[in-house]
Each structure stands twice: as C-alpha cells, then as structure tokens.
Amino acid sequence: MDYVTIEELRDQIRYHAHRYYVLDSPEISDAEYDDLLRALISIEKEHPELITSDSPTQRVGASPSDLFAAVTHREQMFSLDNVESTEELKAWDDRAKRQLGVSPTGYVCELKIDGLAVSLTYEKGALVRAATRGDGTTGEDITANVRAIESVPLRLFGDAPAVLEARGEIYFPISAFDALNAAQLDSGQKVFANPRNAAAGSVRQKDPAVTASRDLSIWVYQLGFVEGGPEFERHWETMEYLASLGLRTNPASAAVGNLAAVERFIAGIEEARHKLDYQTDGVVIKVDRLTEQQSLGFTAKAPRWAIAYKFPPEEQITTLLGIEIGVGRTGRVTPYAVLDPVFVGGVTVTNATLHNEDEVHRKDVRIGDKVIVRRAGEVIPEVVGPVVSSRTGDETVWRMPENCPFCGNPIVLPDGEKVARCTGGLECPSRLREWLAHFVGRSGMDIEGMGYKTIDLLISEGLITDPADIFFLEPDALLGREGWGDLSVSKLMDGIDQARNRPVYRLLIGLGIRHVGGTVARALAREFRSVDAILRASEEDIAGIDGVGPTIAASVRAWALAPDTAPLIEKFRDGRVRLADDEPDETVGDLLAGVTLVITGTLAAYSRDDSKAAVEERGGKVTGSVSKKTTAVVAGDSPGGSKMTKAAELAIPVIDEESFERLLAEGPAAFNT
C-alpha cells in the first residue's frame, strides 16, 4: 500500500485496526497489516523525534465500541511483539540474556489462538465481570454474553481467592464454525469470513441468546491478578493453579528448559496445527520464572519476557481473473473464483469458493480485483474480500449468467431462496456427473470401482444418461478400453450386482431427493416399505411420520409427481433393482437409535463420510461438537484437542476405532463389554 507521509501511514494502520478490532470486518490480510506496522516501527526507530503519543506503536489495540459499557482494567492488558523466524527468536532470547545477565531458567510454550482476547474477573469464586482487551487500558463489558459460553465457569472450584483476574482467548472451534456457516448458507444469511471474526461477532452481540446459540469456547493463558491466593515462582505454576480452579487451559502447552526445545515445540505444532479443531497462527513463548519476568519488564506496548512466533500467513493477496460457476447434483449453481495462482496455506491455489451470487455482491468482489484469499490446512480456499484501495476502476461487477454453460438451459432463482438452480435436469452433464457420484457413493448404493473417472468415461461415451442406466451396463462396453481389463470390469459388474439388492432407504438416499438424508430415508422406508408406496403416499401421510414434517413432505411429494420420476423408477425395476423391503432391516436400521457420536481424528478403515454413513444407516447421529447430548467420542489418530478436552470435562466416554467397529456391530451393548 502506498503512503507519502508518516501520518498517512499511521492513518492507514488506524483505519485497518478499526476494521479488524472494532468492526470485525478486515479489508486486508494479517500479513499486509503486519507489513504496515513493521514499516512504521522501522521509521520511528530511525527517527524517534517523529514518535507521537497517539501513534499505533504506542498502544495495544483499537478503542472500544460504544455498544457496551466501558471497563477499566485493573492491570493493563498488553499485546505481544512478533517474530517470524528462528533468527529473530534467538535475537529476542539474546536480549533477555543480556538484560538478566544469565540465560532464562526455562520457558513456557503456548499456542497462539486466533480469537478474541478477554479478561475474566472472579470475586469469592463467582464470575462478576468479563471484558474485551480494547486498547489495553479500557475494554468493553461483555459479561452477559460470556456467561452464555459453557466453557467459562460461572463459579470457580475449590478454595477460590478473594479476587482473581484471568486472561484468555475466546474462539470458535473449526467444526462449530463450519456448522454455523452451513446453517447461515442454508438459511440465505451471510457467511462468516473466518472463525476469528465469527467469535468476535458472536461475543459482541446485544442479545446474549445469540452468543449462547453458538458453540464458542475459551483457552485461558494468563493469571492477570490475584488477591488472597497462593504465591507462585513460575508461570507454569499459575497455569496449573488456574486449571485447578476449573478454568480451561490448553493441554498443548509445555514447559521446556532451553531455546532448542522451544524450536522443537514450534516445529511440531506447525506440522500438526491443521489437525486441531481450532485456529492457531503461532506459538507464544514466555520466560517461565516470575522473578525473571519482573526483571525483564515491559516496553510501552508489550512484555519483554514474552514473544509470539508467527507461522507463515495463510492469507495472501492475488488477482481475481474471473468468476465461473459449477452445477451440483440438485441443480444448485455455485460461483467460484478463478485466481492468478498464489501459494497460500501450503499449496498453490487457483480456485476459491464464492458460495452464491448474494455473497459475491455482499463482499463486493469484482473481476479484476486484488482479493484476499484464505486457506488453512484442509479447508477449501475462499475469497475473504477485495482490497478496495487497490481498485483502478477497470474492475467488472459479476452477474449470474441467464443460461447454464453446461447445458444451455435457464438458470433461475426460486422465490424466497438465495441459491440459483439450473433447470436442465439430467440434460445438464455437470448435474448428472455430481448426481451419479452421489448415487454410487458409500452412503448411497455403494458401487465399488465407480468413481469420477469412470463416471466421466461413461457419460462421454453416452453409456449412461441417468442412474438407472448403470444397471444395464454390459462388460463388452468397457473391455479393451484403457485401464479396463477383465479383472477391473469383473469387479465393477460385481459391485453393480451387489447394489441391486441394497435396502430401499439406500436407493432413496442415492436418488438425491431434496431434504432427504439418511435419517429421513430410513423413516420413509420403515413406514412405506416400498418406493411404489412412497410414490402413492399423500403429502399428509408423509408429514405424519415422526421426524419428517411438512417441508420434507412437500419435497418428497414434489419428487414423486415430477414427470421424470415414474419412468426412472420403472427403469430401475427393469434393471432388477430392489424397490421394496420384504422385512425391515432390524439388524441395522435402529441399532444405534438414540446414539449421538462425535468423530475426531483419522480412522484407518473409514473416511469421514464413510464413518458418518455407517452410523446414520444404523439410526444414529454424528455431530461436529461435543455436548451433554453426546453418547461417545470416537478418537482416531491426531484427534482434535478441544473435542477431547470437552469430552473429559463432561465425562463423555472416548472410544477407539476397534470399539467403534464393535459399536457398529453390537449397538450400545458394546459399551458394556
């Protein structure tokens, strides 16, 4: 970003700090903001006569919003200085050595959480105040909202001191954030750019009920003040004390003896951070011994005894070259950004999701814009927003095309919906491709050997035009083609034969009827026992099924009356596909009824979709976050730390993959063996 004078640079930093800290709506990436701040620090270091009392380098954060009452902190809440390399980390350590005269006797390493910094004050064990950091001296009173966060204790355990103030970071678990955005998208509301903004926005609500409805959590990282409590020698002891009182401290933290151990800790976390269920953008290193902290003291804005090692940015700025659309199995049209390739989050990104047309216009993203792109680990890349200050006037506002580029049929936006849809039905090759992939997937008809590559071949050669065509495939149609020998063709034919006799509910899932997932499909199959009976059923009969309701009933009835439904079912019948259940599948259908599982980490024998499908087809549920309603947590390799901690707090059983397989086979009785 360009600036002419130091005051213009300060104005830019103030503007973006206000967007980030107060409005929770940043326009630039964290890396870009850090570059601006580093530039100002460098100028002021060379020309100290230019430093002013209101410079962004002389304060911690932005002024508090006037939406909440002001709170003056008993002791200032400082921010941290940052380093971005092992060389800079060693330089910080060398400065500490010079000031102390000896090397620090130990360090504590803590994960730097990307959330909202808060202060919690307890008097005689009861929570009396929660406040944001604000400008470090004055914050905002958010007590009512923080009381709604279950991981914040309203009363401390044990012999609590007269007064205790603890500092922590309120954050959004990634699984809960993803669930919130999915719900926002489904209901036509705006999606949040990232968990940090969502956490800040959720805490700073006028209505505490909104905060309560969102699965926020907290990590406590510092004892700010204590009156009438024990004395401590080390920071690590204070953290153990806070944990003993019931405050939530991060189990990933570690006390280490030297800088080499600090560097090993950083390397380990950087490698494993995307397996966590929360965002961390670095490691905070603190001198452990409190007398050494006192000797090192503070600068105007940060402690000299602590430093934040920041990981490489997972947001970058690149050019939006164009906006194209994809069509899913239900006809849903989703725009996506075509980007000038940029390396972010460990990979080169060329495309990023834009969700829907409303989101494109809400973010005011235009073709030709410089845009902020975010990608964290396995998360699908997305465009956070434009860099408005970089616009030249040549950028182009995008509009949804009138016709589908894949089939030429009109694209329509149904009344009351945010999602546009292609009207081409199975004439649309993109929709057909996605529908077939869903139909043959593990939760549907589970046809081994039929992935996207095979589907693309079959569509391009005109061998299938709908899912029923699969059951009319002949070996000779594939034999001799590249990659298709006797063995591969035989395995595919066996998979198709096995799929002919899947239970009716699996066919219903595979058909992709809107609003009909595993639970509803099983309920329909149990009630009506055949596809023909479902086709004849009235909307009232369908709505009367427990767990269905009028919206789903209307969708099922609309599917039954659609002109291409009856011919498709007859085609399945001709292909010898099972359309009726002689007996309900009691061994599977209700085996896990009433069981709610949370699956975290990597399972050796199941993908995430496979494990969820296995539970749902037995009548159970899989959710993304641990609560009092959770029956058990299934933990694979590298489970999410927050989920494991929450399970321990709520005394929820944690089972391994072997126990999970026994549960699938035996039902809840497996917990007794």
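In case you missed it, the structure is sitting above this.
Note that the structure is predicted; figures quoted are calculated from it, not measured. (Residues numbered from 1 in each chain as written. Predicted model: local features only at pLDDT ≥ 70, side-chain atom pairs only at ≥ 80, totals over all residues. Heavy atoms only, no water.)

A.B. asks: Would you mind showing me how to read the overall build of the protein chain here?
C.D. replies: For the protein chain, the count of helices and strands is 23 helices and 24 strands. What you see for the protein chain is a C-alpha radius of gyration of 29 Å, in line with the 26 Å of a compact globule of 673 residues. Counting only C-alpha atoms, the protein chain reaches 85 × 65 × 50 Å along its principal axes. A buried classification covers 51% of the 673 residues belonging to the protein chain. (Helix = DSSP H or I, 4+ residues; strand = E, 2+ residues; numbered from the N terminus. Rg over C-alpha atoms; globule rule 2.2 N^0.38 Å. Buried < 20%, exposed > 50% of the residue type's maximum accessible area, 1.4 Å probe, protein only.)

A.B. asks: It is not clear to me how the sheet that holds strand E7 (residues 163-171) should be interpreted in this structure. Could you clarify?
C.D. replies: Within a sheet, adjacent strands bond to each other through the backbone by hydrogen bonds, running parallel or antiparallel. Taking strand neighbours across the sheet as the criterion, the 4 strands line up as E5-E4-E7-E8 in an open arrangement whose pairing is antiparallel. The open sheet has two edge strands with one neighbour each: strand E5 (126-132) and strand E8 (217-227). For this sheet, the mean angle separating the axes of adjacent strands, direction not counted, is 25°. Note that strand E4 (residues 116-123) and E5 share 6 bridges and pair antiparallel. In the sheet register, Thr121 faces E5, and the bridge partner there is Arg129. (Pairing = 2+ DSSP bridges. Axes fitted to C-alpha atoms, helices over the stretch in contact; angles between N-to-C directions.)

A.B. asks: Which parts of the structure should I look at to understand the pairing of strand E12 (residues 315-327)?
C.D. replies: Here 5 bridges tie E12 to strand E16 (residues 370-374), and the two strands are oriented antiparallel to one another. By the bridge assignment for E16, Gln316 is matched with Val373. Here E12 folds back onto strand E13 (residues 333-344), and the loop between the two strands holds 5 residues, one of which, Gly331, carries a positive phi near 90°.

A.B. asks: Honestly, unusual backbone geometry in this entry has me stumped. Any pointers?
C.D. replies: Glycine aside, the phi torsion of most residues is negative, and most peptide linkages are trans. One non-glycine residue, Asp446, adopts positive backbone phi at about 55°. You can call Asp446 partly exposed: its relative accessible area is 25%. At Arg576, a position not held by glycine, the phi torsion is positive, near 65°. Residue position: Arg576 is located in the loop between helix H20 (565-574) and strand E21 (596-600).

A.B. asks: Please explain the nonpolar core as it appears in this structure.
C.D. replies: As a rule of thumb, soluble globular proteins bury nonpolar side chains together. In this structure, Met450, Ile470, Leu524 and Phe572 are the most contacted members of the largest nonpolar core, which totals 55 residues. Here this core takes 6 residues from helix H16 (residues 518-528), the largest share from any one element. Other than its neighbours up to four places away in sequence, Met450 contacts Val440, Ile455, Leu458, Ile470, Leu473, Leu492 and Ile496. By size, the runner-up hydrophobic cluster in this structure holds 34 residues, among which are Tyr122, Val152, Ile170 and Phe192. (Core = buried A, V, L, I, M, F, W, Y, C linked by side-chain atoms within 4.5 Å. Contact = heavy atoms within 4.5 Å.)

A.B. asks: What am I meant to see in the packing of helix H12 (residues 429-439) against helix H13 (residues 452-460) here?
C.D. replies: Relative placement of two packed helices is described by the angle separating their axes and the distance separating the axes. Remark: H12 packs on H13, axes separated minimally by 10 Å, with the N-to-C direction vectors making an angle of 135°. Considering the angle they form, H12 stands oblique to H13. You can see that H12 and H13 cross each other, and the crossing is right-handed. Contacts between H12 and H13 involve Pro429, Leu432, Arg433, Glu434, Leu436 and Ala437 from the former and Tyr452, Ile455, Asp456 and Ile459 from the latter. In terms of residue class, the contact of H12 with H13 is made up of 7 nonpolar, no polar and 3 charged. (Parallel < 35°, antiparallel > 145°, perpendicular 65-115°, else oblique. Left-handed = near helix turned anticlockwise from the far one by under 90°. Nonpolar A, V, L, I, M, F, W, Y, C, P; charged D, E, K, R; others polar.)

A.B. asks: Whenever I open this one, a negative patch on the surface confuses me. Can you help?
C.D. replies: Where like charges cluster on the molecular surface, the negative patch consists of Glu527, Glu539, Glu540 and Asp541. At 3 residues, helix H18 (residues 539-543) tops the list of elements feeding residues into the negative patch. Position of Asp541 among the secondary structure elements: in helix H18. Given a relative accessible area of 47%, Asp541 falls into the partly exposed group. (Patch = residues over 30% accessible without salt bridge, like charges linked within 9 Å, V, L, I, M, F, W, Y side chains within 5 Å. Areas by Shrake-Rupley, 256 points an atom, 1.4 Å probe, with all protein chains shown as cover. Salt bridge = Lys/Arg side-chain N within 4 Å of Asp/Glu carboxyl O. Lys, Arg positive; Asp, Glu negative; His and termini not counted. Charge placed at Lys NZ, Arg CZ, Asp CG, Glu CD.)

A.B. asks: Looking at this structure, how should I read the packing of aromatic side chains?
C.D. replies: Each pair of aromatic rings is reported with the distance of its centres and the angle of its planes. Counting across every chain of the model gives 12 aromatic pairs. Among the aromatic side chains, those forming a connected cluster through ring pairs are Phe78, Phe298 and Trp305. Between Arg74 and the ring centre of Phe225, over which it is positioned, the NZ or CZ distance is 4.3 Å. Sitting over the ring of Trp219, Arg248 keeps its end group 3.8 Å from the ring centre. (Phe/Tyr/Trp six-rings, centres within 6.5 Å; stacked < 30°, edge-to-face > 60°. Lys NZ or Arg CZ within 6 Å of the ring centre and 35° of its normal.)

A.B. asks: When you look at the sheet that holds strand E9 (residues 254-256) in this model, what are you seeing that I'm missing?
C.D. replies: Strand order in the open sheet made by the 5 strands is E2-E11-E10-E3-E9, with mixed pairing throughout. Unpaired on one side and paired on the other, strand E2 (82-83) and E9 mark the two borders of the sheet. Inspection of the sheet shows strand E3 (residues 107-113) paired to E9 by 3 bridges, in the antiparallel sense. Paired with Cys109 across the two strands is Ala254, which belongs to E9. Each of E2, E3, strand E10 (280-287) and strand E11 (306-310) touches helix H3 (residues 86-100); the most contacted strand, E11, lies at about 175° to it.

A.B. asks: It is not clear to me how helix H23 (residues 657-666) should be interpreted in this structure. Could you clarify?
C.D. replies: Three or more residues of H23 are buried, namely Glu657, Ser659, Phe660, Leu663 and Leu664. All buried residues of H23 project into a common sector of 160° when viewed along the axis, lining one side. What points out from H23, more than 90 degrees from its buried face, is the exposed set Glu658 and Ala665. Sitting at the head of H23, Asp656 places a side-chain oxygen 3.3 Å from the backbone nitrogen of Glu658. Downstream of H23 by one or two residues, Gly667 has phi in the positive range, about 80°. (Arc of directions from axis to C-beta. Polar contact = N/O pair within 3.5 Å; in protein donor to acceptor, adjacent residues only side chain to side chain.)

A.B. asks: Just checking my understanding: could you explain the environment of Arg433 for this structure?
C.D. replies: Tracing the sequence through the fold places Arg433 in helix H12. Here the alpha-carbon distance between Arg433 and Tyr452, two residues 19 residues apart in the chain, equals 7.7 Å. Contacts of Arg433, omitting those with residues within four sequence positions, involve Tyr452, Ile455, Asp456 and Ile459.

A.B. asks: Hey, could you run me through the side chain of Ser119 in this one?
C.D. replies: By the element assignment, Ser119 lies in strand E4. The class of Ser119 is buried, set by a relative accessible area of 4%. Reaching out from Ser119, the side chain makes a polar contact with the side chain of Glu165 at a distance of 2.7 Å.

A.B. asks: I tried to follow the packing of H3 against helix H9 (residues 259-272) on my own but got confused; where do I start?
C.D. replies: Direction vectors running N to C along H3 and H9 enclose 145°, while the axes themselves pass 11 Å from each other. H9 is crossed by H3, and the crossing has right-handed handedness. Across the interface between the two elements, Thr86, Leu89, Lys90 and Asp93 of H3 pack against Leu259, Val262, Glu263 and Ile266 of H9. Looking at the contact of H3 with H9, its residues break down into 4 nonpolar, 1 polar and 3 charged.

A.B. asks: What should I look at first to understand the pattern of salt bridges in this one?
C.D. replies: Any two side chains of opposite charge can pair, given that their charged atoms come close. All chains considered together, the criterion is met by 32 salt bridges. Arg38 is the partner of Glu88 in a salt bridge, and the nearest nitrogen-oxygen pair spans 3.9 Å. One end of the pair, Glu88, is in helix H3; the other, Arg38, is in helix H2 (residues 30-46), and 50 residues separate them in sequence. Glu461 is the salt-bridge partner of Arg481, the closest N and O atoms lying 3.7 Å from each other. Taken as a pair, Arg481 in the loop between H13 and helix H14 (486-499) and Glu461 in the loop between H13 and H14 lie far apart in primary sequence, 20 residues in all. Overall, Arg481 belongs to the partly exposed group, its relative accessible area being 28%. You can call Glu461 partly exposed: its relative accessible area is 42%.

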